[in-house]
Amino acid sequence: MPRVKSSPKKCIKTNLQQSENTWVFLLKGEALELSEQYTGTGTPDIVTLRHPNTGESAVFLFSPANNSVQEVLTFNEAKRSWFIDETVKSDGKLHLSTPIDPIFLVLPYLRKYCTTYAQPLDQLLRDEEFPETERLLKSSGLNYLNMIADKKGDEDLNAFKYNEDKTLNWLKRKTERVAEILKQKNIHVGTSGVVSSNFIKSAKSETVDHEAYLRYAHGIVSEYLMDDLSLKLLKFLGLPEHEAAPQSLKRKSTSTTGQEQKKLKLEEDTTKGPSSSILDLTKPEVKSVKPPSLTAKDKARAKAASSSKTISSFFKKS
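Attention in this report is confined to the structure presented alongside it.

Cut-offs applied
- Residues numbered from 1 in each chain as written.
- Predicted model: local features only at pLDDT ≥ 70, side-chain atom pairs only at ≥ 80, totals over all residues.
- Heavy atoms only, no water.
- Helix = DSSP H or I, 4+ residues; strand = E, 2+ residues; numbered from the N terminus.
- Buried < 20%, exposed > 50% of the residue type's maximum accessible area, 1.4 Å probe, protein only.
- Contact = heavy atoms within 4.5 Å.
- Areas by Shrake-Rupley, 256 points an atom, 1.4 Å probe, with all protein chains shown as cover.
- Axes fitted to C-alpha atoms, helices over the stretch in contact; angles between N-to-C directions.
- Parallel < 35°, antiparallel > 145°, perpendicular 65-115°, else oblique.
- Left-handed = near helix turned anticlockwise from the far one by under 90°.
- Nonpolar A, V, L, I, M, F, W, Y, C, P; charged D, E, K, R; others polar.
- Core = buried A, V, L, I, M, F, W, Y, C linked by side-chain atoms within 4.5 Å.
- Salt bridge = Lys/Arg side-chain N within 4 Å of Asp/Glu carboxyl O.

## Digging into the overall build of the chain
Logical step 1: The helix and strand tally for the chain stands at eight helices and 13 strands.
Logical step 2: For the chain, with 318 residues in total, the buried portion stands at 30%.
Logical step 3: A separation threshold of at least 6 residues defines the contact pool for the chain, and within that pool the share at least 24 residues apart is 54%.
Logical step 4: Total accessible area on the chain stands at roughly 22,100 Å², and carbon and sulfur atoms take up 52% of it.

Pasting the structure below:
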């Protein structure tokens, strides 16, 4: 597995002697700082875990002490490459890491296995398909697991039972915090998309602004939630379901598109009748073809040919 080596808070690369095994990372520095603090080295581990939203394989980055976890996102653009030292990396992908609360990664397991009874955490996080999930046991973020679950038994048992009321309250605080950060960053969120507030002529009322920010923040948080829980959170926040179709947020072209032009042209041609350039196969026009008139020379040749013998006739027995 590729390892990352560089100083914190810099755009770094992974170099494993061969350029085809090189990854280019923009890594958040705290992962390297924590690695050096606990192990004296700056080599986080890259593993695959189950994504909390889709349940599919996703890439995450752990510090060697497993006390910090970050999600790895990939920016991929066609016809892109990297120049690394004296080599050219044809794969021009850029990998970015961003911190993630490990509780989001544990939440799907709690909802699936611990809704009716408590289960020890070390048994809960055993995933045969993703064995690296056990690394979450050492994450410092799981010290706050009681935010979404009820702890049962003594400390040695360390068993938890899923609590949906706690979970919705915890997610509400997360969503409100994201909405507050969007406001602090001076980002205007509206139905037309996300733009800088510098381009907005007039500000909306505080109530409308808060709802718009909260709805957009809900969308960000929902990237780490299953669909049913995302809908429950939306209702818990007191937000109505969005009725507008996704395409309504796209910018509409002021000119007619090529497909529309072809459609209009076809409709115009079908209404023109006989003058239309489209063939009418139901009423084919049959034209009589007259044989060409023969000249005197052509008639003489035809007469001479009729009285002549073929070559094969000379080889027949008499």
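## Regarding the packing of helix 2 (residues 102-113) against helix 4 (residues 164-184)
Logical step 1: Following both chains from N to C, one finds helix 2 and helix 4 inclined at 155 degrees, their axes separated by 13 Å at the closest point. With respect to helix 4, the axis of helix 2 lies roughly antiparallel. In the crossing of helix 2 with helix 4, the sense of the turn from one axis to the other is left-handed. Contacts from I103, F104, L107 and R111 in helix 2 reach E164, T167, W170, L171 and K174 in helix 4.
Logical step 2: For the contact of helix 2 with helix 4, the residue count by class is five nonpolar, one polar and three charged.

## Structural notes on the nonpolar core
Logical step 1: By size, the foremost hydrophobic cluster in this structure holds 42 residues, and its most contacted members are V106, L110 and L145.
Logical step 2: Going through the elements one at a time, strand 3 (45-50), strand 4 (57-62), helix 2, helix 3 (121-124), strand 11 (159-162), helix 4, helix 5 (206-221) and helix 6 (227-236) are the ones with two or more residues in this core.
Logical step 3: With seven residues, the top contributor of residues to this core is helix 2.
Logical step 4: Aside from chain neighbours lying at most four places away, what touches V106 is L121, L124, L125, L136, L142 and L145.
Logical step 5: By size, the runner-up hydrophobic cluster in this structure holds five residues, among which are F25, I46, L61 and V72.

## A word on the environment of L168
Logical step 1: Inspection of the secondary structure puts L168 in helix 4.
Logical step 2: Residue L168 is classed as buried on the basis of its relative accessible area, which comes to 8%.
Logical step 3: Distance in space between the C-alpha atoms of L168 and L234 is 9.7 Å, their sequence separation being 66 residues.
Logical step 4: In this view, L168 contacts L229, K232, L233 and F236; residues no more than four positions away in its chain are not counted.

## Some details on the pattern of salt bridges
Logical step 1: As enumerated under the stated definition, the model contains nine salt bridges in all.
Logical step 2: Notably, a salt bridge pairs R50 with E129, separated by 3.3 Å at the nearest N-O pair. Taken together, the positions of R50 in strand 3 and E129 in the loop between helix 3 and strand 10 (149-152) put the pair 79 residues apart, joining distant regions of the chain.
Logical step 3: By relative accessible area, R50 is classed as partly exposed at 24%.
Logical step 4: Relative accessible area serves as the criterion here: at 57%, E129 is assigned to the exposed category.
Logical step 5: The closest approach of N and O atoms between E164 and K232, which form a salt bridge, is 3.1 Å. A residue pair is termed long-range when its members are at least 10 positions apart, and E164 in helix 4 and K232 in helix 6 qualify at 68 residues.
Logical step 6: Taking the relative accessible area as the measure of exposure, E164 reaches 27% and is therefore partly exposed.

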